Amino acid sequence: MSTAVMLTGCAGLDVQSAGPDTAGGGKADKGEVADARKKLADLAVKGRAPKTGFDRDEFGPAWADVDRNGCDTRNDILKRDLEDETFKPGTHDCIVLTGTLRDPYGGKTIDFKRGQDTSMDVQIDHLIPLSDAWQKGAQRWSETKRKEFANDPLNLLAVDGPLNNQKSDADAATWLPPRKAYRCAYISRQIDVKAKYELWVTAAEKSAMETILDAC
């Protein structure tokens, strides 16, 4: 859900390459939908494995600077996904103080302000939650691969905090963004992540994904 990390060993991940994709309503084009269908068809379909043994620490400590650019993961993603950012002086435009989020999940415009009582208004979501990944293949991975997964910008998105809390560790069968215009992009990106890391889907999850893609 909201926790995002970066650790050494994952350098080379392009933080700029996978933003919120809110332009054009977040709709995927026909080519993207066709690609998503193909990738989804290739994913293994299995039951959910037990959550036994899952711990957030299995995916590494939060907020490390994996790409060694001087910024932690949260600030990297905020810098990528917010507009009109301001930065803390002396941090080489690293620590985001303020900015505007056009939340892809709910469609709200959120004024972000760094602070103890305000920072969590904007959270960093793992599109494929870590505990969900754990139950669909990640518990078999090496520590290095789990760190890479948790830190991959493809799987990270700045979103409305309360909606991220609502999503928790749900998959597509049990939670979708309330903003219907973003669901095609959301599902397509979830499929991209699952295909990249060879995670499986449950039958209910695959059915939900197919339903969304059919409406794209």
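This structure is a prediction, so every number in the text was calculated from the model and none was measured. The numbers attached to residues start from 1 for each chain and follow its sequence in the written order. Local features are withheld for residues below a pLDDT of 70 in this predicted model, meaning they are given only at 70 or higher, and side-chain atom pairs are given and counted only at 80 or more; totals for whole chains, interfaces and linings count all residues. Calculation of side-chain values draws on the structure's entire complement of heavy atoms; hydrogens and water are dropped beforehand.

K.L.:
What should I look at first to understand the overall build of the protein chain in this one?
P.N.:
Numbered from the N terminus, helices here are DSSP runs of H or I no shorter than four residues, and strands are runs of E no shorter than two. Across its full length, the protein chain carries seven helices and five strands. Secondary structure elements of the protein chain, listed N to C terminal, follow the sequence α-α-β-β-β-β-α-α-β-α-α-α. Accessible area is worked out with a 1.4 Å probe on protein chains only. A residue is then buried under 20% of its type maximum, exposed over 50%, and partly exposed in between. Counting every position in the protein chain, which comprises 216 residues, the buried fraction comes to 50%. What makes two residues a contact is simply this: any of their non-hydrogen atoms within 4.5 Å. Relative to all contacts within the protein chain whose residues are 6 or more apart in sequence, the contacts with residues 24 or more apart total 74%. Total accessible area on the protein chain is roughly 9,900 Å²; 48% of this is exposed by carbon and sulfur atoms. The accessible surface values rely on the Shrake-Rupley method and a 1.4 Å probe; as for residues, cover is taken only from the protein chains in view.

K.L.:
Sorry if this is basic, but what is going on with the packing of aromatic side chains here?
P.N.:
Pairs of aromatic rings are described using the distance from one ring centre to the other and the angle between the two planes. Only the six-membered ring of Trp is used, alongside the rings of Phe and Tyr, when aromatic pairs are assigned; centres must lie within 6.5 Å, and planes under 30 degrees apart are stacked while those over 60 apart are edge-to-face, with the rest tilted. All chains considered together, the criterion is met by eleven aromatic pairs. Their ring planes at 35° and their centres at 5.8 Å tell us that W141 and Y197 sit as a pair that is tilted. Of the two residues, W141 is situated in the loop between α3 (130–134) and α4 (143–151) and Y197 in helix α6 (residues 183–197); the sequence distance between them amounts to 56 residues. Residue W141 shares its accessibility class with Y197, and that shared class is buried. Between the aromatic rings of W175 and Y186, the centroid separation amounts to 6.0 Å while the plane-to-plane angle is 70°, which identifies the pairing as edge-to-face.

K.L.:
Help me understand the pairing of strand β3 (residues 109–113) in this model?
P.N.:
Here β3 shows a buried face lined by I110 and F112 and an unburied face lined by T109, D111 and K113. Alignment of strand β2 (residues 96–102) against β3, held across five bridges, turns out to be antiparallel. Note on β3: the bridge partner recorded for G99 is F112. Counted between consecutive antiparallel strands, the loop separating β2 from β3 contains six residues, among which G107 sits at a positive phi close to 90°. For two strands to count as paired, DSSP must find a minimum of two bridges between them.

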